Amino acid sequence: MDFLKQYLVPVIIGLCLCAGYVTKHWIKDVSNKIIPTMCALLGILLACWINQGDITPDVILSGAASGLASTGLHEAFKQLLETGIGQMVKQFLSAGNTD
């Protein structure tokens, strides 16, 4: 658990999540294999920028881990909407439409 506190940066996760989403939905021919790599590299660049250009193994690891965590977060959220909460919301909304 200390690993998560030390190496995952919420700002980087959020920015990489947005960049991955925009890439997926605005560029038609992008492969799903490219997005995690792109997020990891963007995370490293953002981590170096946040740390005033300091390039150390810890900074690189925190950027890569945060960037990759954004892709995992996107998949988990997508699965949650498709299976769990999404189905409950659909049932709730359809139950209110009994005309």
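Residues numbered from 1 in each chain as written. Predicted model: local features only at pLDDT ≥ 70, side-chain atom pairs only at ≥ 80, totals over all residues. Heavy atoms only, no water.

Novice: Hey, could you run me through helix 2 (residues 10–26) in this one?
Specialist: For an α-helix, the turn length of 3.6 residues means that residues three or four places apart are oriented alike. Between its first and last C-alpha, helix 2 extends 24 Å over 17 residues, near the 24 Å set by a 1.5 Å rise per residue. Every buried residue belonging to helix 2 is among Ile12, Ile13, Cys16, Gly20 and Thr23, and all of these are buried. What you see down the axis of helix 2 is that its buried residues fit within an arc of 100°, all on one side. Of the exposed residues in helix 2, those oriented more than 90 degrees away from the buried face are Pro10, Val11 and Trp26. (Helix = DSSP H or I, 4+ residues; strand = E, 2+ residues; numbered from the N terminus. Expected span 1.5 Å × (residues − 1). Buried < 20%, exposed > 50% of the residue type's maximum accessible area, 1.4 Å probe, protein only. Arc of directions from axis to C-beta.)

Novice: Looking at this structure, I do not really get the side chain of serine 66. What am I missing?
Specialist: Tracing the backbone through its elements, the reader meets serine 66 in helix 4 (residues 57–95). Taking the relative accessible area as the measure of exposure, serine 66 reaches 0% and is therefore buried. Among residues more than four places away in sequence, those in contact with serine 66 are Tyr7, Leu8, Val9, Ile12 and Ile13. (Contact = heavy atoms within 4.5 Å.)

Novice: Sorry if this is basic, but what is going on with unusual backbone geometry here?
Specialist: In most cases, non-glycine residues show a negative phi, while peptide bonds are predominantly trans. One non-glycine residue, glutamine 52, adopts positive backbone phi at about 55°. With respect to the helices and strands, the residue glutamine 52 is situated in the loop between helix 3 (34–50) and helix 4.

Novice: Sorry, what's going on with the packing of helix 2 against helix 3 here?
Specialist: In the contact formed by helix 2 and helix 3, the axes pass within 9 Å of each other and the chain directions differ by 145°. Crossing hand, helix 2 versus helix 3: right-handed. Residue-level inspection shows Ile12, Leu15, Cys16, Ala19, Gly20, Thr23 and Lys24 of helix 2 in contact with helix 3, the latter providing Ile35, Met38, Cys39, Leu42, Gly43, Leu46, Ala47 and Ile50. By residue class, the composition of the contact of helix 2 with helix 3 is eleven nonpolar, three polar and one charged. (Axes fitted to C-alpha atoms, helices over the stretch in contact; angles between N-to-C directions. Left-handed = near helix turned anticlockwise from the far one by under 90°. Nonpolar A, V, L, I, M, F, W, Y, C, P; charged D, E, K, R; others polar.)

Novice: Help me understand a nonpolar patch on the surface in this model?
Specialist: Among the surface-exposed residues, Phe77, Leu80, Leu81, Ile85, Val89, Phe92 and Leu93 lie close enough to one another that they form a single nonpolar patch of about 700 Å² accessible area. In this structure, valine 89 sits in helix 4. (Patch = residues over 30% accessible without salt bridge, like charges linked within 9 Å, V, L, I, M, F, W, Y side chains within 5 Å. Areas by Shrake-Rupley, 256 points an atom, 1.4 Å probe, with all protein chains shown as cover. Salt bridge = Lys/Arg side-chain N within 4 Å of Asp/Glu carboxyl O.)

Novice: I tried to follow the confidence of the model for the chain on my own but got confused; where do I start?
Specialist: Caution applies to low-pLDDT regions: their predicted coordinates should not be interpreted in detail. Residues at a pLDDT of 70 or more form 92% of the chain, whose mean pLDDT is 85. When pLDDT is averaged over each helix and strand of the chain, the minimum, 76, is found for helix 1 (residues 2–7) and the maximum, 94, for helix 3. (pLDDT = per-residue confidence, 0-100.)

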